[in-house]
Amino acid sequence: MIYPSPCPREVAVIGGGPTGLMAAETVAAAGHRVTIYERMPSPGRKLLMAGRGGLNLTHSEPLDHFLARYSEAAPWVAPILDDFPPNALIAWCEALGQPTFIGSSGRVFPKAMKASPLLRAWLTRLGSFGARLVTRARWTARDPDGTIHFADGTTQRPDATILALGGASWPRLGADGSWTAVLPGVAIAPLRPANCGFAVAWSASFRTRHAGTPLKRIALHHQDRTIRGEAMVTEAGLEGGAIYALSAPLRDAIAHDGTTTLTIDLRPDIAEPELTRRLAAPRGRASLSSHLKRHAILSPVAIGLLQEALHQGNTTTLPRLIKAVPVTLTAPFSLDRAISTAGGLALDELDARLMLKRHPGLFAAGEMLDWEAPTGGYLLTACLATGRAVGHGAVAWLASR
Ligand SMILES: Cc1cc2nc3c(=O)[nH]c(=O)nc-3n(C[C@H](O)[C@H](O)[C@H](O)COP(=O)(O)OP(=O)(O)OC[C@H]3O[C@@H](n4cnc5c(N)ncnc54)[C@H](O)[C@@H]3O)c2cc1C
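Counting of residues starts from 1 at the beginning of each chain's written sequence and follows it residue by residue. At least 70 in pLDDT is required for a residue's local features to be given in this predicted model, at least 80 for side-chain atom pairs to be given and counted, and no such filter applies to totals for whole chains, interfaces and linings, which use all residues. Side-chain descriptors were evaluated using all non-hydrogen atoms of the structure, hydrogens and water having been removed beforehand.

A. Geometry of the overall build of the protein chain. Counting secondary structure elements, the protein chain contains 14 helices and 20 strands. Principal axes of the C-alpha set define a box for the protein chain whose edges measure 85 × 40 × 35 Å. Looking at the 401 residues of the protein chain, the share that counts as buried comes to 52%. Within the protein chain, contacts between residues at least 6 apart in sequence are counted, and of these 70% link residues at least 24 apart. Runs of H or I in DSSP of at least four residues are treated as helices and runs of E of at least two as strands, each being numbered from the N terminus. Burial classes: relative accessible area under 20% of the type maximum marks a residue as buried, over 50% as exposed, and values in between as partly exposed (1.4 Å probe, protein chains only). We call two residues in contact when some of their heavy atoms are within 4.5 Å.

B. Spatial organisation of the packing of helix α1 (residues 18-29) against helix α14 (residues 378-399). As a packed pair, α1 and α14 sit with axes 7 Å apart at the nearest point and diverge in direction by 35 degrees. Crossing of α1 against α14: the hand is right-handed. Between α1, through Pro18, Thr19, Met22, Ala23, Thr26 and Val27, and α14, the contact on the second element is made entirely by Leu380, Cys383, Leu384, Thr386, Gly387, Arg388, Val390, Gly391, His392 and Val395. Axis angles are defined between N-to-C directions and span 0 to 180 degrees, where every axis is a line fitted to C-alpha atoms and, for a helix, only to the segment in contact. The crossing is said to be left-handed when, going from far helix to near helix, the turn is anticlockwise and less than a right angle, and right-handed when the turn is clockwise.

C. View of the environment of Asp145. Following the sequence through the fold, Asp145 ends up in the loop between β7 (139-142) and β8 (148-150). Residue Asp145 is classed as partly exposed on the basis of its relative accessible area of 44%. Taking the C-alpha atoms as reference points, Asp145 and Arg358, separated by 213 residues in sequence, lie 13 Å from one another.

D. A look at the site of the ligand. When we say a residue is near a molecule or strand, we mean one of its heavy atoms is within 4 Å of it. Neighbouring the ligand are 30 residues; Thr19, Glu38, Asn56, Glu367 and Leu380 lie closest to it. Polar contact is the term for a pair of N or O atoms within 3.5 Å; when the atoms are in protein, one must be able to donate a hydrogen and the other to accept it, and sequence-neighboring residues count only if both atoms are side-chain atoms. Between the ligand and Pro18, the relevant distance is 3.3 Å, taken from an oxygen atom to a main-chain nitrogen or oxygen of the residue. Contact distances for the ligand include 2.6 Å between an oxygen atom and a side-chain N or O atom of Glu367. Relative to its unbound accessible surface of 1,000 Å², the ligand loses 94% to contact with the protein. Breaking the shell around the ligand down by element, the ones donating at least two residues are α1, α2 (45-51) and α14. Split by residue class, the shell around the ligand holds 16 nonpolar, 9 polar and 5 charged. For every accessible area listed, the method is Shrake-Rupley and the probe measures 1.4 Å; residues are considered covered only by the protein chains on display. Each residue gets one label: Ala, Val, Leu, Ile, Met, Phe, Trp, Tyr, Cys and Pro are nonpolar, Asp, Glu, Lys and Arg are charged, and the others, such as Gly, are polar.

E. Fine view of the nonpolar core. In these notes, a set of buried Ala, Val, Leu, Ile, Met, Phe, Trp, Tyr and Cys residues joined through side-chain atoms within 4.5 Å is what counts as a nonpolar core. In terms of nonpolar packing, the biggest core is built from 76 residues, with Tyr70, Trp139 and Leu345 touching the most fellow members. If we ignore the near neighbours within four places in the chain, the residues touching Tyr70 are Val77, Leu81, Trp371, Glu372, Ala373, Tyr378, Thr381 and Ala382. Counting residues in hydrophobic clusters, the runner-up holds 40 residues, among them Phe206, Leu275, Ala309 and Ile322.

F. Representation of the sheet that holds strand β12 (residues 198-199) in the model. Reading across the sheet, the 7 strands line up as β17-β16-β13-β14-β15-β12-β18 and stay open at both edges, with antiparallel pairing between neighbours. The open sheet has two edge strands, β17 (325-329) and β18 (331-332), and neither has a second partner. Note that strand β13 (residues 214-222) and strand β16 (residues 260-265) share 3 bridges and pair antiparallel. Looking across to β16, one finds that Leu220 is bridged to Ile264. Only strands that DSSP links by at least two bridges are regarded as paired with each other.

G. The arrangement of the packing of aromatic side chains in detail. Aromatic pairs are defined between Phe, Tyr and Trp rings, using the six-membered ring for Trp, whenever the two ring centres lie within 6.5 Å; interplanar angles under 30 degrees are classed as stacked, those over 60 as edge-to-face, and all others as tilted. Enumeration over the complete set of coordinates arrives at 9 aromatic pairs. Both rings, one in Phe363 and one in Trp397, keep their centres 6.0 Å apart while their planes meet at 70 degrees; by these two values the pair is edge-to-face. Taken together, the positions of Phe363 in strand β20 (residues 362-364) and Trp397 in helix α14 put the pair 34 residues apart, joining distant regions of the chain. Within the aromatic cluster, the residues linked to one another by ring pairs are Phe66, Tyr70, Trp371 and Tyr378. The positively charged end of Arg337 is found above the aromatic ring belonging to Phe333, 4.5 Å away from the centroid. Put simply, a charge is over a ring when the Lys NZ or the Arg CZ is close to the ring centre, within 6 Å, and near the line of the ring normal, within 35 degrees.

H. Up close: the side chain of Thr341. When you line up the elements, Thr341 lands in strand β19 (residues 340-345). At 2.9 Å, the side chain of Thr341 forms a polar contact with the backbone nitrogen of Ala168. Polar side-chain contacts of Thr341 include one of 3.4 Å to the backbone nitrogen of Ser169. Look past the residues within four positions of Thr341 in its chain and what remains in contact with it is Gly167, Ala168, Ser169, Leu191, Arg192, Ala194, Leu335, Glu367 and Trp371.

I. Seen up close, the packing of helix α10 (residues 272-279) against helix α11 (residues 288-296). Viewed as axis vectors pointing N to C, α10 and α11 meet at an angle of 125 degrees, and their least axial separation amounts to 9 Å. When the interaxial angle is binned, α10 and α11 end up oblique. For the pair α10 and α11, the sense of crossing is right-handed. Where α10 approaches α11, its residues Leu275, Arg278 and Leu279 are matched on the opposing element by His291, Leu292, His295 and Ala296. Oblique is the label for any angle not under 35 degrees, not over 145, and not in the 65 to 115 range, which are roughly parallel, roughly antiparallel and roughly perpendicular in turn.

J. Representation of the sheet that holds strand β9 (residues 155-156). Strand order in this open sheet of 3 strands is β7-β8-β9, and the pairing throughout is antiparallel. Of all strands in the sheet, those bounded by a partner on one side alone are β7 and β9. As paired elements, β8 and β9 share 2 bridges and run antiparallel to each other. When the sheet's bridge partners are listed, Ile148 is paired in β9 with Gln156.

Now the structure itself:
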């Protein structure tokens with residue numbers, strides 16, 4: 001629904017990802033004239049990529065659990081999510097003709113299991129609200145008087161500008177973090193990989209035999225946290241859902257200590273005494289691998305991990321090693337391979353309307369801000385909720401002038 005503003009103003013939204021599109025929808029619905037500037041030939045490329053994994057929009061868990069996923073940023077994001085909680089996001093998605101469902105893990109997806117129908121319907125709605133989309137428009141600077149500059153030399157002088165430039169993962173999809181050089185005098189926490197894999201110095205034989213193999217039904221322990229799930233062995237290390245879930249503390253521990261040790265429980269459903277009993281069976285002439293396979297029901301890649309530890313001189317008993325095989329992680333995979341970005345524009349640079357305190361008329365939202373969250377729909381939920389909040393913030397600021 002568009003509410004004609006008694007005094008329509010020009011608002012530029014820079015970045016055509018989910019945050020920018022939601023900001024544009026909110027500002028256009030308030031009756032202002034909105035132009036979305038997107039550097040790529042089309043908007044929403046990362047959203048479409050997220051759709052390849054089914055487009056996990058949000059999560060159905062209770063709101064207090066949901067909020068805790070944002071760690072230190074939880075108090076900051078709480079009022080924003082109060083205004084646009086997961087059920088409002090679901091209603092918004094369904095109003096765009098995309099029914100949703102809750103998966104067995106509690107994650108929420110559109111029934112289409114992809115982003116393209118949602119994005120199409122959304123762009124149509126934005127067009128019907130009068131929002132304009134300008135593609136291949138790379139923003140490069142903003143003057144103190146509000147003039148914005150583009151790479152082709154053109155300029156515009158909107159009444160307010162909303163930045164929704166994203167982080168720096170998967171830069172070929174558009175967001176490359178180059179905005180960090182364009183905001184002088186603004187505190188920006190270094191951009192770091194989040195929801196990423198980690199490097200492990202596998203032996204050549206382990207790498208050759210097991211790269212590309214999943215470790216299924218495992219539990220990962222790091223510090224005081226345990227995550228059940230799957231991980232993928234790659235040439236360079238480990239990645240996948242359970243690793244991503246621990247990636248923030250793993251990354252921070254490596255930054256602090258140089259390396260960190262993850263322990264993997266290869267049979268989380270069997271207690272150590274039971275493994276001891278099973279493995280006490282006479283081995284006869286069977287190889288260690290066959291014995292482990294037969295009595296502990298371990299996959300070849302799990303047996304390979306145990307052998308890596310044994311070759312490194314680990315003297316723990318086999319049942320205990322199966323319950324806690326140590327793997328040393330030496331570095332996070334690079335930011336351009338991460339699902340998302342940690343760091344970004346410091347939250348205390350923004351007022352309650354998400355306007356930069358030292359740059360009146362300039363607003364920011366989405367993944368470019370300094371918050372992080374695990375996968376599970378928490379990223380898109382916060383992007384959409386902050387996109388809506390920044391839209392309301394810009395409308396309120398324009399009304400106050
Ligand atoms: C493979 C993958 C799968 C994912 N799956 C999920 C998922 O299932 N669920 C979930 O919650 N999250 C998922 N995410 C994360 C989610 O897609 C992002 O958090 C979200 O897209 C960030 O939205 P944003 O609008 O802030 O930034 P972006 O989506 O990155 O959009 C920023 C836009 O700004 C444009 N831009 C950048 N600089 C300029 C400039 N100077 N001038 C003009 N335009 C510019 C970019 O081209 C881009 O279009 C996934 C991410 C990846 C990579």
